[in-house]
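An overview of the molecular structure
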Amino acid sequence: VQLQASGGGLVQAGGSLRLSCATAGSIKNLDSMNWYRQAPGKQREWVAAITSGASTNYADSVKGRFTISRHNAKNTLYLQMNSLKPEDTAVYYCNLRMGYPLYDYWGQGTQVTVSS
């Protein structure tokens with residue numbers, strides 16, 4: 001399974017971006033798809049998840065501003081980011097978790113920079 005993230009860029013505070021993550025390969029026993037991010041000098045942190053049943057969960061820091069979704073026919077994961085803040089600046093990674101036992105697949109990351 002391969003994941004390709006895109007859609008990052010430079011945006012002013014208060015602006016919006018939509019990240020995409022295209023997946024290729026056979027997906028079986030899907031547990032969830034997730035977005036993570038890693039800011040300079042910080043550990044990678046979980047941002048949002050969408051389960052195989054399409055339930056969604058968000059980190060408190062992005063709740064109400066970010067929306068995760070999945071287009072099954074296009075095999076693509078999205079992250080709509082609104083009301084962006086400078087503290088959202090990070091490299092964003094898409095993640096697919098599947099299989100027994102669970103295994104994580106990662107995309108290459110896309111840079112999001114929010115200027116104040």
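Structure: above.
If you're wondering where the values come from, they're calculated on a predicted model, not measured in any experiment.

1. Here we look at the environment of Leu79
Within the secondary structure layout, Leu79 lies in strand β8 (residues 76-81). In this structure the C-alpha to C-alpha distance between Leu79 and Ser32, which are 47 residues apart in sequence, comes to 14 Å. Ignoring sequence-local partners within four residues, the contact set of Leu79 consists of Leu17, Arg18, Leu19, Trp35, Val47, Ala48, Phe66, Thr67, Ile68 and Tyr92.

2. Thoughts on the pattern of salt bridges
Counted according to the given criterion, the structure contains five salt bridges. Here Lys63 ties to Asp60 by a salt bridge, and the two come within 3.2 Å at their closest N and O atoms. Its relative accessible area of 67% is what places Asp60 among the exposed residues. Arg65 serves as the salt-bridge partner of Asp88, at 2.7 Å between the closest nitrogen and oxygen. Here Asp88, found in the loop between β8 and β9 (90-98), pairs with Arg65, found in the loop between β6 (56-58) and β7 (66-71); they are 23 residues apart in sequence, far enough to count as distant. As far as the burial class goes, Asp88 and Arg65 line up, both buried.

3. Concerning the sheet that holds strand β1 (residues 2-6)
Sheets are built from strands that pair by backbone hydrogen bonding, the pairs being arranged parallel or antiparallel. Pairing is antiparallel in the open sheet, where four strands are placed in the order β1-β3-β8-β7. This sheet does not close on itself; its edge strands, each paired only once, are β1 and β7. Mean inter-strand twist for the sheet, computed between neighbouring axes without regard to direction, equals 15°. By the bridge criterion, five bridges tie β1 to strand β3 (residues 17-24) in an arrangement that is antiparallel.

4. Some points on unusual backbone geometry
Residue Tyr100 is joined to Pro101 through a cis peptide bond whose omega torsion reads 0°. One non-glycine residue, Asn29, lies in positive phi territory at about 55°. Tracing the backbone through its elements, the reader meets Asn29 in the loop between β3 and β4 (30-38). Its relative accessible area of 46% is what places Asn29 among the partly exposed residues. With a phi close to 50°, Asn75 is a non-glycine residue in the positive phi region.

5. Overview of the packing of aromatic side chains
Taken as a whole and judged by the stated rule, the model has two aromatic pairs. Centre to centre, the rings of Tyr103 and Tyr105 are 4.9 Å apart; their planes meet at 70°, and the pair counts as edge-to-face. Between the NZ or CZ atom of Arg44 and the centre of the ring of Tyr93, over which it lies, the distance is 3.8 Å. Sitting over the face of the ring of Trp106, Arg44 holds its NZ or CZ atom 4.7 Å from the ring centroid.

What counts as what
Residues numbered from 1 in each chain as written. Predicted model: local features only at pLDDT ≥ 70, side-chain atom pairs only at ≥ 80, totals over all residues. Heavy atoms only, no water. Helix = DSSP H or I, 4+ residues; strand = E, 2+ residues; numbered from the N terminus. Contact = heavy atoms within 4.5 Å. Salt bridge = Lys/Arg side-chain N within 4 Å of Asp/Glu carboxyl O. Buried < 20%, exposed > 50% of the residue type's maximum accessible area, 1.4 Å probe, protein only. Pairing = 2+ DSSP bridges. Axes fitted to C-alpha atoms, helices over the stretch in contact; angles between N-to-C directions. Phe/Tyr/Trp six-rings, centres within 6.5 Å; stacked < 30°, edge-to-face > 60°. Lys NZ or Arg CZ within 6 Å of the ring centre and 35° of its normal.

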